[in-house]
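Structural overview for review
Next come the chains, spelled out residue by residue.
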Amino acid sequence: MKSQNQTSLLSDAAPSQAIVKLAVPATLALLAKAVYNIVDTAYIGMLKSDAALANLPAQSLNCAARAESSVKISSIVVITGAVLNVALDPVFMFDWGLGMGVEGASLATTVSQFVTFFILIWFYAGGRSIIKLRPRAFRLSGSLVWTVVSIGIPTAVIQICLALATSLTNIAAKPLPDSVLIIAAYGVVQRLILIGCYVIMGFMQGYQPVAAYAFGARNEERFHSSVRFALRGALLLTVVVAALYIVLAAPLIGLFNNNPAVIEYGRWLLISQVALYPAFGLCYMMTITFQTIGDSRMGLLLSTVRQGLFYVPFILLLPKWFGVAGIYFSQPAADILTLLVCILLIAPMKRTASRNMQAQS
């Protein structure tokens, strides 16, 4: 019955209703993860690698749960892991608890990851999922591996470009006066931007299974309806996030650092990062859509444009010419070009989707 309800949500509910129902718990789970990251950083800022023993398989199973629209269990897993990790960190680390220091933080993360892993094993082994885990079905296939890898590459590239952009921004700030203050402010801004990213990513986690199901079922009307709602939703959410960050820039920076100079630099850095934030929402939504319709090459291109192809040249050049103002201008400049590229690709994206669905028939 549960599997039938999940399938009904993907196939029969209005696309907007299905996307929102799937997106809300996914977004809450990601925000819980963001809070955990901030708290854990405040505790220690360094973890050991043994947590990956359970983290990697847990992440894989969690992604599968989201793909089949089992967002409830996915959200429970993420929130449980985050809350448990935050609760265990001080118990394992500080003298009033086990007094293990850094090793305690590592152990807390390991325990929480194993708990989430076993929750997911319970979910799949108990027959509660649409996807069934059968050992005899695990067969390596070159074409299957390439399909999975090619679809996943754009998402990995987005993360690589974000890391590259962060590193280059810090490098660009280093020769400037007040470089220590600027870099400190940028670190705070990145934490806030991550929270904004999680809001959009959570919405996209609701959109992708609905669009993918419609695409697989060759239901063009439902697929394009999902795309239209996702486009509007991504733009609306990014505008709301940008407005909140612009209005509350100084107080938000002050939550992390009370140095007046850091707050001033951070205020302008945050405003510059979100001045054209809809570029992120539109680009990310279209990257997900191109992945969904099997056009991995275009998905790969879009995953590189905002923080890679466009941002990198600006952050390498503008600070040399304009100082800290060059850092402020780099993201808006990249976002303008990103918006232009995305707008030009909306119509081709829809045509490719229709063509691929017709080819499947």
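The structure presented is a predicted model; accordingly, all values stated were derived computationally and were not measured. (Residues numbered from 1 in each chain as written. Predicted model: local features only at pLDDT ≥ 70, side-chain atom pairs only at ≥ 80, totals over all residues. Heavy atoms only, no water.)

**Let's talk about the state of the cysteines**
Tallying each qualifying case throughout the model produces zero disulfides. Cys 342 supplies the cysteine sulfur nearest to Cys 283, a cysteine that is in no disulfide, at a spacing of 4.2 Å. (Disulfide = S-S within 2.5 Å.)

**Section: the packing of aromatic side chains**
Describing an aromatic ring pair means giving the distance of the ring centres and the angle of the ring planes. Per the counting criterion, the structure on display carries seven aromatic pairs. Geometrically, the ring pair formed by Tyr 277 and Phe 280 is stacked, given 5.4 Å between the ring centres and 20° between the ring planes. Taking the relative accessible area as the measure of exposure, Phe 280 reaches 8% and is therefore buried. Where Phe 280 meets Tyr 284, the ring centres are 5.7 Å apart and the plane angle is 20°; that geometry is what we call stacked. Taken together, the positions of Phe 280 and Tyr 284, both in helix H11 (residues 278-292) and four residues apart, correspond to about one turn of that helix. Residue class for Tyr 284 comes out buried when judged on its relative accessible area of 12%. Among the aromatic side chains, those forming a connected cluster through ring pairs are Phe 114, Phe 117 and Phe 118. (Phe/Tyr/Trp six-rings, centres within 6.5 Å; stacked < 30°, edge-to-face > 60°. Buried < 20%, exposed > 50% of the residue type's maximum accessible area, 1.4 Å probe, protein only. Helix = DSSP H or I, 4+ residues; strand = E, 2+ residues; numbered from the N terminus.)

**Structural notes on helix H7 (residues 179-216)**
Helix length check: H7, at 38 residues, gives a terminal C-alpha distance of 51 Å against a target of 56 Å (1.5 Å per residue), a fit within 8%. Two residues or fewer after H7 comes Arg 218, characterised by a positive phi angle close to 60°. (Expected span 1.5 Å × (residues − 1).)

**Structural notes on the nonpolar core**
Most often, soluble globular proteins keep nonpolar side chains buried together rather than apart. Counting 77 residues, the largest nonpolar core has Met 204, Tyr 207, Phe 223, Tyr 284, Met 285, Met 286 and Leu 302 as the members making the most contacts within it. Top contributing element to this core by residue count: H7, with 19 residues. If we skip the residues at most four places from it in the chain, Met 285 touches Met 204, Tyr 207, Val 227, Ala 230, Leu 231 and Ala 234. Core analysis: the second largest hydrophobic core is formed by seven residues, Ile 73, Val 77, Phe 117 and Leu 120 among them. (Core = buried A, V, L, I, M, F, W, Y, C linked by side-chain atoms within 4.5 Å. Contact = heavy atoms within 4.5 Å.)

**Regarding the packing of helix H12 (residues 296-322) against helix H13 (residues 324-360)**
One way to put it is that H12 packs onto H13 with a least axis distance of 8 Å and a crossing angle of 150°. Regarding the angle of H12 to H13, the classification is roughly antiparallel. Note that H12 runs across H13; the crossing there is right-handed. Taken together, the residues that form the contact of H12 with H13 break down as 20 nonpolar, five polar and two charged. (Axes fitted to C-alpha atoms, helices over the stretch in contact; angles between N-to-C directions. Parallel < 35°, antiparallel > 145°, perpendicular 65-115°, else oblique. Left-handed = near helix turned anticlockwise from the far one by under 90°. Nonpolar A, V, L, I, M, F, W, Y, C, P; charged D, E, K, R; others polar.)

**Focus on a nonpolar patch on the surface**
A cluster of nonpolar side chains, Val 20, Val 24, Leu 28, Ile 79 and Val 83, forms an exposed patch at the surface whose accessible area comes to about 400 Å². Of all the elements, helix H2 (residues 15-43) adds the most residues to the nonpolar patch, at three residues. Following the sequence through the fold, Leu 28 ends up in helix H2. (Patch = residues over 30% accessible without salt bridge, like charges linked within 9 Å, V, L, I, M, F, W, Y side chains within 5 Å. Areas by Shrake-Rupley, 256 points an atom, 1.4 Å probe, with all protein chains shown as cover. Salt bridge = Lys/Arg side-chain N within 4 Å of Asp/Glu carboxyl O.)

**Let's talk about the confidence of the model for the protein chain**
As a general rule, the predicted coordinates of low-pLDDT regions are not to be interpreted in detail. Scored by pLDDT, the protein chain has a mean of 82; 85% of the residues are at 70 or more. Contacts from residues 44-52, a stretch scored under 50 in pLDDT, to residues over four places away or in other chains number 18 contacts. (pLDDT = per-residue confidence, 0-100.)

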